[in-house]
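# Survey of secondary and tertiary structure
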Amino acid sequence: SAVISQKPSRDICQRGTSLTIQCQVDSQVTMMFWYRQQPGQSLTLIATANQGSEATYESGFVIDKFPISRPNLTFSTLTVSNMSPEDSSIYLCSSEVLFGLYGYTFGSGTRLTVV
Amino acid sequence: GQQVMQIPQYQHVQEGEDFTTYCNSSTTLSNIQWYKQRPGGHPVFLIQLVKSGEVKKQKRLTFQFGEAKKNSSLHITATQTTDVGTYFCAGNSGGSNYKLTFGKGTLLTVNP
């Protein structure tokens, strides 16, 4: 299955700043997904990112706050913009494996703390 | 929108006891997937169920998909301390939509 390298693994940021999270997949994948997970909670989908098209955002998430890039089939970034303490969370990227036939693989996550 | 309910939220067992977590979707699913997340880790894919009434086994883990493709269960026989973690079900509505809707997860702790 695909392996995703995600970085940074953690960061502490000042409010009002932005952080860009990167995910590199070791094989070409059609779809990548970005999730947010509060500690001890479930995963909430932020957006779906397909190469060559605009990301599709879920209800409650907007492009101005969470701009996403997907320049090729192995890479994606998520930026958390103008951060506030409410943005403190774990952010995870994910990709399908063979169109979901073998499930989805996840990056190791980025633990973000906004102070 | 699609909702996936999962119970129980927590389960504490003695090592050697069995464990079951249940998922129920508000809509019929194309498939359901199960993931395990160890404390401090990321979700790891366990299995995918596609067919109505499907039952799959992985060693001590048994996964079932309901006849109506709206519910599923994960049963662990004779739990071990290595089974500790949060088990999530995730439903997929199919078609060209590959989005997963995750249940809230069941945190399993095992007392040695």
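If you're wondering where the values come from, they're calculated on a predicted model, not measured in any experiment. (Residues numbered from 1 in each chain as written. Chains lettered and ligands numbered in written order. Predicted model: local features only at pLDDT ≥ 70, side-chain atom pairs only at ≥ 80, totals over all residues. Heavy atoms only, no water.)

At the junction of the two partners, chain B supplies 15 residues and chain A supplies 20 residues. Between chain B and chain A, a total of about 1,400 Å² is buried, with carbon and sulfur atoms accounting for 58% of that surface. Broken down residue by residue, the surface that chain B buries against chain A is led by Y98, K99 and F102 of chain B, which jointly contribute 38%. Run the count over chain B and chain A and you get one salt bridge. (Contact = heavy atoms within 4.5 Å. Buried area = accessible area lost by both parts, 1.4 Å probe. Salt bridge = Lys/Arg side-chain N within 4 Å of Asp/Glu carboxyl O.)

Right, let's talk about the nonpolar core for a bit. All names here are of chain A. W34, I46, F66, I68, L78, Y91 and L112 are the most contacted members of the largest nonpolar core, which totals 25 residues. Secondary structure elements with two or more residues in this core: β3 (19-25), β4 (31-37), β5 (43-50), β8 (75-80), β9 (89-96) and β11 (110-114). Residues in contact with Y91, not counting those within four places in the same chain, are Q6, I21, Y35, R36, I46, F66, L78, V80, G109, T110 and L112. (Core = buried A, V, L, I, M, F, W, Y, C linked by side-chain atoms within 4.5 Å. Buried < 20%, exposed > 50% of the residue type's maximum accessible area, 1.4 Å probe, protein only. Helix = DSSP H or I, 4+ residues; strand = E, 2+ residues; numbered from the N terminus.)

It is worth spelling out the state of the cysteines at this point. By definition, a disulfide links the sulfur atoms of two cysteines through a covalent bond. All names here are of chain A. The full count for this structure, using the stated rule, is two disulfides over all chains. Through a disulfide, C23 is tied to C93; the S-S separation comes to 1.8 Å. Of note, the bridge from C23 to C93 carries an S-S torsion of about -90 degrees and is left-handed in sense. Of this pair, C23 sits in strand β3 while C93 sits in strand β9, and the two are 70 residues apart along the sequence. Residue C23 shares its accessibility class with C93, and that shared class is buried. (Disulfide = S-S within 2.5 Å.)

Once that is clear, we can look at the pairing of strand β1 (residues 4-7) of chain B. Moving residue by residue along a regular strand, the side chains alternate between the two faces of the sheet. All names here are of chain B. Only one face of β1 is covered, namely the face carrying V4 and Q6; the face carrying M5 and I7 is uncovered. Bridge count between β1 and strand β3 (residues 19-25): four bridges; the pairing is antiparallel. If you follow V4 over to β3, its bridge partner there is S25. (Pairing = 2+ DSSP bridges.)

Now for the pattern of salt bridges. Residue and element names in this part refer to chain B. Evaluated as defined, the whole model comprises four salt bridges over all chains. For K56, the salt bridge goes to E54, with nearest N and O atoms at 3.7 Å. Under the relative-accessibility criterion, K56 is labelled partly exposed at 29%. A residue is classified by how much of its surface remains accessible, and E54, at 16% relative accessible area, is buried. In this structure, R60 and D83 form a salt bridge, with 2.9 Å as the shortest nitrogen-oxygen distance. In this pair, R60 is assigned in the loop between β6 (55-58) and β7 (61-65) and D83 in the loop between β8 (71-76) and β9 (85-94), connecting sequence segments 23 residues apart. Since its relative accessible area comes to 23%, R60 is described here as partly exposed.

Residue and element names in this part refer to chain B. Here five strands make up an open sheet; going across it, the order is β1-β3-β8-β7-β6 and the pairing antiparallel. Of all the strands in the sheet, the pair left with one neighbour each is β1 and β6. The mean angle between the axes of side-by-side strands here comes to 15 degrees, regardless of whether they run parallel or antiparallel. (Axes fitted to C-alpha atoms, helices over the stretch in contact; angles between N-to-C directions.)

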